[in-house]
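Structural features, examined
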Amino acid sequence: MPRPMAVIGITLYFVLTALFIINKTTVAVAALVVAIICFAVCMALKGVRGRVVIPAACLSIAAACVLFVTENEFHIKYVKAKAGDGLKVEAVMTDYPSAQNGKYEYPLKTTSINGEKVKTNIRLRWDKKLSAEPYDKVIMTLGLYKTEATGSSALYGISENMLLYVDNCDEIRTEKTEKKPIGYFIVKLRRYIKDSVFDFLPKDMGGLALGMLLGEKEYIPPSIRRNFNICGISHLFAVSGFHLSIFALSVFEILKRLRLNRRSASLITMFFVVFFTALTGFSVSCVRAAVMMLTMLLGIVVSRQADPLNSLGLAVLLICLFEPSNAASVGLMLSVAATLGIFILARPLDGFLKRRIKTLPKGLRAPLYAVGGIFAMSVGASVFTMPIAALLFGRVSPSAPLANIMMMSAASFAVISGAFIPVFAGTGFFSFFSKIAALASGVALKYLVWISEKIASLPFASVNADEKYIKLCMVFALVIFAAALLLAGFNKRLTAFAAGLSAIVFAAGMLSYGIFCGGVTKITVFDVGNGSSVVVSNGDRAAVIGCGGNNTATYKIENKLDSLGVKSIEFMLLPRPLGTETSAAHEVLSEFKADKVVIPERDEELSHISLLCEPVYSGNVSSKLWQNAEIKYVGDPSGGAAYLDIDGTTVLFTFGPGSDVKNIPPSFLSADILYCRQKPPEGLEAEKFGLVVISGDEKSEEAASAINSKGGRAYSVSLFGDTVITTSGSSVCKIDTEYSLKLVNA
């Protein structure tokens, strides 16, 4: 077997990742049984037994299943079982707190819960600053609850070991830790770097520089982060191969210029790689890059050339064996997929381009070689990461190759020059060099912000792929490409033809969907417990009606708006100053500007909203959303009612189970669809509506059942999950198999 680590490591990693996405122990057990049976059959068949790849792959699949079951049953479920109220929790503060909206957020790692040894990461929000430093002990009495996130948010919680969230903290005290671990000094160094960068760069540019240097995204302005996401270059904020290769290769070249031989330079660079990985907090994507870099450098020391795919397989194998939940890291998924794309697709494409450029005049070759290399890497990485982005984020970025060509060189320059800021900061006279570095880095960062804004504004810069039709086209395109690779044995010409055909199929799918389905409006009702969170969208335009519920509300609303490519919310309605309608409002408005925010009346509970926008205080509002879409709102103390008209399809929104039907205008009561929370208002004959969608907890399920028993059509999002109503102007409903409700022409 020429590449044992590639077969074993990559197979184990992808199977383990798939199991965390599916998140079913029964599936893992079934896959384990099948893998063992296949291994036994391979061993029994002499012809197959000699081909070590297949038995090795079977054993890797079996090992992945065992790792998943062990992690899920004996760690994840064990930690989640500790949820409850009034718990005595002992923890260690792992970093300095971040301050936002008048509160401090403390990253903590628990050591015990109610006297039992439990290790998990939690985030504590507290309105006071604790007299504690990193790695000091924190003792609290609080409530811990199981996270209810789904999709990429759930995977993030698993990979970061954040399985519980904090609520109702009643008591808190701290104890100093005299003997600090080595991690304390790493945290102090990160703090010094952050302070140095902000001393020499303005807040926005400093936040962007920190995101690119250390992967700290919390200081990056939302508008900049969103433009980078749309352009498909958000990998600049995930400290991985790009950053590590820049710094490690720079150190290696400097050492060589100091006349050190290659072996000595490699050994010193290996120590730097370990140090830099620790500085980034051992993020899994950086660890992956570090293992590959260390393998390459070790090859130089022992005079052997490391195979890239073997190095990648070894990296993911070690990462998963050390901590199986690392396989759930979305950052690692994108990092591994991009690396595979560079090795498998980018290198042949780069060679093809170089052969064509070689025929051009000499003066054009050098710049075109550089551009061609960046283009090839971007295409390879984009093609392989596209399915992950579509599956987890519901969006792909066709503009990524263009953005990478125009931004990667400037990004490299910004990172290198930005790294010199903390080196000379606080050195007295020599701090002048920090000013020069900050000036150089600032110019490059401003260019990145400007060009990302321009590219993000282009048509089809980012495409919504959160549709079954788009995903089906993507799967079909990938099957064509995979079949060509298998049948042709990696024949270069057929591979290139298959790649081109796959791209055409996918592009045709996106274009046809845009032509035939681009004008529809979607009403997404989120399952956020006892709360109201609804997004009405048409293309990249959106309105938010109600913005509250449990701890998943913020993520679900922001994720939906991000997948749509929304740059600003056209209309937001906050009908009552209660958490059921407003708990996520501040964070959503911090991320997305809103053209118009409607609040029935001034209330102290919502005063913080005025710091982010200029609300319209009115209990009687009529607003045009987009062509043929209009919303009206009439307020009252119980929450009032809103009436949405989308080219003839009408929706009545009520926000409280205690709403008074007498205060709802009679014209609103003739709506095609009724949305309510927990149950319809008393006196309202809900069964007469064409469709009733109810958000809330178990009570909403009872209310839906009661409506259905009277001949109505009602759905509880508590039972069916997030519900999507799609319309282009009709009032007849049908339901598909995934509980996505579609309005079709009568």
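Residues numbered from 1 in each chain as written. Predicted model: local features only at pLDDT ≥ 70, side-chain atom pairs only at ≥ 80, totals over all residues. Heavy atoms only, no water.

A closer look at the overall build of the chain
Tallying secondary structure elements over the chain gives 23 helices and 27 strands in all. By residue count, 50% of the 746 residues in the chain fall in the buried class. Residue pairs at least 24 apart in sequence account for 61% of intrachain contacts in the chain once pairs closer than 6 positions are excluded. For the chain, the exposed area adds up to about 35,000 Å²; of that, 61% sits on carbon and sulfur atoms. (Helix = DSSP H or I, 4+ residues; strand = E, 2+ residues; numbered from the N terminus. Buried < 20%, exposed > 50% of the residue type's maximum accessible area, 1.4 Å probe, protein only. Contact = heavy atoms within 4.5 Å. Areas by Shrake-Rupley, 256 points an atom, 1.4 Å probe, with all protein chains shown as cover.)

What about helix 11 (residues 284-301)?
Across its 18 residues, helix 11 extends 25 Å between first and last C-alpha, which sits within 8% of the 26 Å expected from 1.5 Å per residue. Burial runs high along helix 11: 14 of the 18 residues are buried. Of the residues trailing helix 11, serine 303 is marked for its positive phi of about 60 degrees. (Expected span 1.5 Å × (residues − 1).)

Points about a negative patch on the surface
A contiguous patch of negative charge on the surface is contributed by Asp85, Asp167, Asp170 and Glu171. The element best represented in the negative patch is strand 7 (residues 164-175), accounting for three residues. Structurally, the position occupied by aspartate 85 is in strand 1 (residues 84-93). (Patch = residues over 30% accessible without salt bridge, like charges linked within 9 Å, V, L, I, M, F, W, Y side chains within 5 Å. Salt bridge = Lys/Arg side-chain N within 4 Å of Asp/Glu carboxyl O. Lys, Arg positive; Asp, Glu negative; His and termini not counted. Charge placed at Lys NZ, Arg CZ, Asp CG, Glu CD.)

What to know about the packing of helix 11 against helix 13 (residues 330-357)
Packing of helix 11 against helix 13 leaves a shortest axis separation of 8 Å and a crossing angle of 35 degrees. Every residue of helix 13 that contacts helix 11 at Val284, Ser285, Arg288 and Met292 is listed here: Gly331, Leu332, Ser335, Val336, Thr339 and Phe343. When its residues are assigned to classes, the contact of helix 11 with helix 13 shows five nonpolar, four polar and one charged. (Axes fitted to C-alpha atoms, helices over the stretch in contact; angles between N-to-C directions. Nonpolar A, V, L, I, M, F, W, Y, C, P; charged D, E, K, R; others polar.)

Brief notes about the pattern of salt bridges
Under the criterion given, the structure shown has 23 salt bridges. A salt bridge links aspartate 562 to arginine 226, with the shortest nitrogen-to-oxygen separation between them at 3.5 Å. Here the residue aspartate 562 occupies a position in helix 19 (residues 553-564), and arginine 226 occupies one in helix 8 (residues 222-231), the gap between them amounting to 336 residues. Aspartate 562 gets classed as partly exposed once you look at its relative accessible area, which sits at 33%. By relative accessible area, arginine 226 is classed as buried at 7%. Ionic pairing is found between lysine 256 and glutamate 253, a salt bridge with its closest N-O pair at 3.8 Å.

Description of a nonpolar patch on the surface
The grouping of Val29, Val33, Ile37, Val41 and Leu45 at the surface amounts to a nonpolar patch, some 410 Å² of accessible area in total. Mapped onto the elements, valine 33 comes out in helix 2 (residues 25-44).

Topic: the nonpolar core
Counting residues in each nonpolar core, the largest one holds 60 residues, and the members touching the most others are Phe20, Leu108, Met140 and Leu144. Ignoring sequence-local partners within four residues, the contact set of methionine 140 consists of Leu87, Lys88, Val89, Ala91, Leu108, Ile122, Leu124, Glu171 and Ile172. Grouped together as the second largest cluster of nonpolar side chains are 55 residues, Ile224, Ala290, Val415 and Ile455 included. (Core = buried A, V, L, I, M, F, W, Y, C linked by side-chain atoms within 4.5 Å.)

Focus: the sheet that holds strand 24 (residues 714-716)
Strand order across the open sheet formed by seven strands is 18-19-20-21-22-23-24, with mixed pairing between neighbours. Each edge of the sheet is formed by a strand with only one pairing partner; in this case those strands are strand 18 (620-626) and strand 24. Pairwise comparison of adjacent strand axes, ignoring direction, gives a mean angle of 15 degrees for this sheet. Relative to strand 23 (residues 691-695), strand 22 (residues 673-677) runs parallel, the two being bridged by five bridges. Paired with tyrosine 675 across the two strands is valine 693, which belongs to strand 23. (Pairing = 2+ DSSP bridges.)

Digging into the pairing of strand 19 (residues 629-634)
Because side chains alternate across strand 19, one face comprises the buried residues Ala629, Ile631 and Tyr633, and the other comprises Glu630, Lys632 and Val634, none of which is buried. Hairpin geometry of strand 18 and strand 19 is characterised by an intervening segment of two residues between the two adjacent antiparallel strands and by a positive phi of about 65 degrees at asparagine 628. Bridging between strand 19 and strand 20 (residues 641-646) involves six bridges; their strand directions are antiparallel. From the neighbouring strand, alanine 629 faces strand 20, where its bridge partner is isoleucine 646. Where strand 19 folds back on strand 20, the antiparallel hairpin that results is connected by six residues, among which glycine 639 adopts a positive phi of roughly 120 degrees.

Here we look at the environment of methionine 212
Tracing the sequence through the fold places methionine 212 in helix 7 (residues 203-214). The residues contacting methionine 212, other than those within four sequence positions of it, are Leu236, Phe237, His243, Ala411, Ala414, Val415, Leu445 and Leu448.

Points about the packing of helix 13 against helix 14 (residues 362-393)
Running from N to C, helix 13 and helix 14 point in directions that differ by 145 degrees, and their axes come no closer than 7 Å. Two packed elements cross with a definite hand, and for helix 13 against helix 14 that hand is right-handed. Among the residues making up the contact of helix 13 with helix 14, the classes are represented as 25 nonpolar, five polar and three charged. (Left-handed = near helix turned anticlockwise from the far one by under 90°.)

Overview of the environment of lysine 710
Examined against the element boundaries, lysine 710 turns out to sit in the loop between helix 22 (698-709) and strand 24. As a C-alpha pair, lysine 710 and glutamate 687 span 23 residues in sequence and 6.5 Å in three-dimensional space.

So, the packing of aromatic side chains
To describe a pair of aromatic rings, you give the distance between the ring centres and the angle between the ring planes. Following the criterion strictly, the structure yields 16 aromatic pairs and no others. An angle of 15 degrees between the planes, with centres 6.4 Å apart, marks the rings of phenylalanine 420 and phenylalanine 424 as stacked. Here phenylalanine 420 pairs with phenylalanine 424, and both are found in helix 15 (residues 400-424), just four residues apart, close to one helical turn. Accessibility expressed as a relative area gives 26% for phenylalanine 424, which makes it partly exposed. Pairing tyrosine 643 with phenylalanine 668 gives two aromatic rings, centres 4.9 Å apart and planes at 15 degrees, and the pair type is stacked. Here the residue tyrosine 643 occupies a position in strand 20, and phenylalanine 668 occupies one in the loop between strand 21 (649-654) and strand 22, the gap between them amounting to 25 residues. On the basis of relative accessible area, tyrosine 643 is assigned to the buried category, the value being 14%. (Phe/Tyr/Trp six-rings, centres within 6.5 Å; stacked < 30°, edge-to-face > 60°.)

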